[in-house]
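Structural features, examined
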Amino acid sequence: MARKNKRLLLLVLSCSITGVILGGTAGWAESSLCLDDSKVTSECLTQNPIQKTIQGMSTGLLAGAGAAFGAVWQLRHED
């Protein structure tokens, strides 16, 4: 594997992992804050916190990978 391809893979992997961590944390925090609110809604009571966390993780994965590919695309077009 060429050196540039390894760096691209490492960039995408690190951005994706960061996105998963941040997205999962945000999803968990959102579901926790929903229960601590002074006016709890039925949607808040019926949502599963783990499902909300997984949804945040998947969104973070896509956002991280997209950001990495966008950065690489921009760098390649500047040269």
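An account of the accompanying structure is given in this report. The model shown is predicted, which means the values in this text are computed figures rather than measured ones.

**Examining the overall build of the chain**
- What the chain contains, in helices and strands, is 3 helices and 0 strands.
- The helix and strand sequence of the chain, counted from the amino end, reads α-α-α.
- The globule rule puts the C-alpha radius of gyration for 79 residues at 12 Å, and the 17 Å found for the chain is more than 25% above it.
- When the backbone C-alpha atoms are referred to their principal axes, the chain occupies close to 55 × 25 × 15 Å.
- Counting over 79 residues, the chain shows a buried share of 20%.
- A fraction of 70% describes how many contacts in the chain between residues 6 or more apart in sequence connect residues 24 or more apart.
- Surface accessibility of the chain: about 6,200 Å² in total, with carbon and sulfur atoms responsible for 65%.
- Across the chain, 7 positive and 6 negative side-chain charges occur, with their mean positions spaced 18 Å apart.

**With respect to a positive patch on the surface**
- A cluster of like positive charges, contributed by Arg3, Lys4, Lys6, Arg7 and Arg76, occupies part of the molecular surface.
- With 4 residues, the single largest contributor to the positive patch is helix H1 (residues 3–36).
- As for its position among the elements, Arg76 is in helix H3 (residues 49–78).

Reading guide: rules and limits
- Residues numbered from 1 in each chain as written.
- Predicted model: local features only at pLDDT ≥ 70, side-chain atom pairs only at ≥ 80, totals over all residues.
- Heavy atoms only, no water.
- Helix = DSSP H or I, 4+ residues; strand = E, 2+ residues; numbered from the N terminus.
- Rg over C-alpha atoms; globule rule 2.2 N^0.38 Å.
- Buried < 20%, exposed > 50% of the residue type's maximum accessible area, 1.4 Å probe, protein only.
- Contact = heavy atoms within 4.5 Å.
- Areas by Shrake-Rupley, 256 points an atom, 1.4 Å probe, with all protein chains shown as cover.
- Lys, Arg positive; Asp, Glu negative; His and termini not counted.
- Charge placed at Lys NZ, Arg CZ, Asp CG, Glu CD.
- Patch = residues over 30% accessible without salt bridge, like charges linked within 9 Å, V, L, I, M, F, W, Y side chains within 5 Å.
- Salt bridge = Lys/Arg side-chain N within 4 Å of Asp/Glu carboxyl O.

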